[in-house]
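Examination of the molecular architecture
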Amino acid sequence: VQARIAQGSDFIKLVLDDGHAYGKDVNLPTLDAGRVQAVIAAAHAGQRMALVHIAQVDDARSVIEAGADGLVHLYSDRIAEPALVQLLAERGAFVVPTFSVLAALSGDDRAAQLAADPVFAASLDASQRSMLTQRFPPLWRNPKHLEHALANARALHAAGVDLLAGSDAGNPGTAHGASLHLELEWLVQAGLSPEQALRAATALPASRFGLGDRGRIAAGLRADLLLLAGDPTREICATRQIRAV
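First, a word on what this report is: a plain description of the structure on this page. A quick note: this is a predicted structure, and the numbers were derived from the prediction, not measured.

1. With respect to the pattern of salt bridges
- A complete count under the given rule lists 14 salt bridges for this structure.
- A salt bridge links R35 to D32; the shortest N-O distance between them is 2.6 Å.
- Given the relative accessible area of 36%, D32 is considered partly exposed.
- Between D77 and R78 there is a salt bridge, with its nearest N and O atoms 3.8 Å apart.

So this is what it looks like as structure tokens:
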């Protein structure tokens, strides 16, 4: 952790995931509890946030109890008990659900539909179109991922836990940039208003990651303005109607 901070890392991310959320025959090497606690403690000693990739409810609970500041991906092996939601809210932790990759793991084809959208297609390059139409192998696909994630996200949002927009692009069924439009739609489906979903992709992550010079439209701040033909505060899909940046 000290070496990463010396290299300029703004936060520390670790992985706690044995693969069992993706199938009983999937086994991935991962960290043990002692190392997870040590990395989180070292990150905090270096005044950095500790973020953890998890996929299962029990792992989410253990890392939040160990002091993790945020979860990257939403636990989707089952619907969590209210006690975990309460713990996340009490600790002030945030969650980046990455619905886009969980939808792909569930076999959902909304990403391929996005790639075929005649209005949006002009904004995509060949690589993005290819990634959006790729699929995970059957061994990894389980329709319960998305169902569980949406239910868990609704509970977190109702409890006041910050949900941030992120797609985990680079996986099958995702593409950098393009998948964020779908991520906003999933956040709305999980109970956020369109305005809350937009904040989840702009002002909220800027605040949680300490980026005080961006994330809002205000004098003196950095900003790329996305100009749209529709009103995304009324219909979140309007973010696809891009006219200029």
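2. Here we look at helix α9 (residues 178–189)
- Across the 12 residues of α9, 9 count as buried, placing the element largely inside the fold.
- Every buried residue of α9 is accounted for by A178, S179, H181, L182, E183, L184, E185, W186 and L187.
- At its buried positions, α9 is contacted by α5 (99–105), α6 (110–116), α7 (126–133), α8 (144–158), α10 (194–200) and β6 (242–244).
- Positioned one or two residues after α9, G191 has a phi angle of 115°, which is positive.

3. Focus on the pairing of strand β1 (residues 11–15)
- Judged by which residues are buried, β1 turns out to be one-sided: I12 and L14 face inward and are buried, whereas F11, K13 and V15, on the alternate face, are not.
- Across 5 bridges, β1 lies against strand β2 (residues 49–53) in parallel orientation. In the strand pairing of β2, F11 is matched with M49.
- What joins β1 to β2 is helix α2 (residues 33–45), and the crossover it makes is right-handed.

4. Points about the side chain of N152
- Looking at the secondary structure, you find N152 in helix α8.
- Residue N152 is classed as buried on the basis of its relative accessible area of 2%.
- Not counting chain neighbours up to four residues away, the residues in contact with N152 comprise L74, Y75, R78, I79 and A80.

5. Focus on the nonpolar core
- One finds V63, L71, L74, Y75, L88, F99 and L156 to be the most contacted residues of the largest nonpolar core, which totals 62 residues.
- Looking at this core, the element that brings in the most residues is α5, giving 6 residues.
- Those residues within four positions of V63 in sequence are excluded, and the remaining contacts are L16, V36, I40, V52, I54, A68 and L71.
- Formed by 5 residues, the second largest nonpolar core is a distinct cluster that contains L51, V72, V96 and L164.

6. Observations concerning the packing of aromatic side chains
- Using the criterion set out here, one finds 4 aromatic pairs in the structure.
- An angle of 70° between the planes, with centres 5.4 Å apart, marks the rings of F11 and F209 as edge-to-face. One end of the pair, F11, is in strand β1; the other, F209, is in the loop between α11 (203–208) and β5 (227–228), and 198 residues separate them in sequence.
- A relative accessible area of 34% places F11 in the partly exposed class.
- F209 gets classed as partly exposed once you look at its relative accessible area, which sits at 29%.
- When the ring of F136 is compared with that of W140, the centres are 6.5 Å apart and the planes differ by 20°; the resulting orientation is stacked.
- An aromatic cluster is built from F11, F94 and F209, whose rings are joined through pairwise contacts.
- Sitting above the plane of the W186 ring, R110 keeps its charged end 3.9 Å from the centroid.

What counts, and where the lines are drawn
Residues numbered from 1 in each chain as written. Predicted model: local features only at pLDDT ≥ 70, side-chain atom pairs only at ≥ 80, totals over all residues. Heavy atoms only, no water. Salt bridge = Lys/Arg side-chain N within 4 Å of Asp/Glu carboxyl O. Buried < 20%, exposed > 50% of the residue type's maximum accessible area, 1.4 Å probe, protein only. Helix = DSSP H or I, 4+ residues; strand = E, 2+ residues; numbered from the N terminus. Contact = heavy atoms within 4.5 Å. Pairing = 2+ DSSP bridges. Right-handed = clockwise from strand over helix to strand, strands pointing away. Core = buried A, V, L, I, M, F, W, Y, C linked by side-chain atoms within 4.5 Å. Phe/Tyr/Trp six-rings, centres within 6.5 Å; stacked < 30°, edge-to-face > 60°. Lys NZ or Arg CZ within 6 Å of the ring centre and 35° of its normal.

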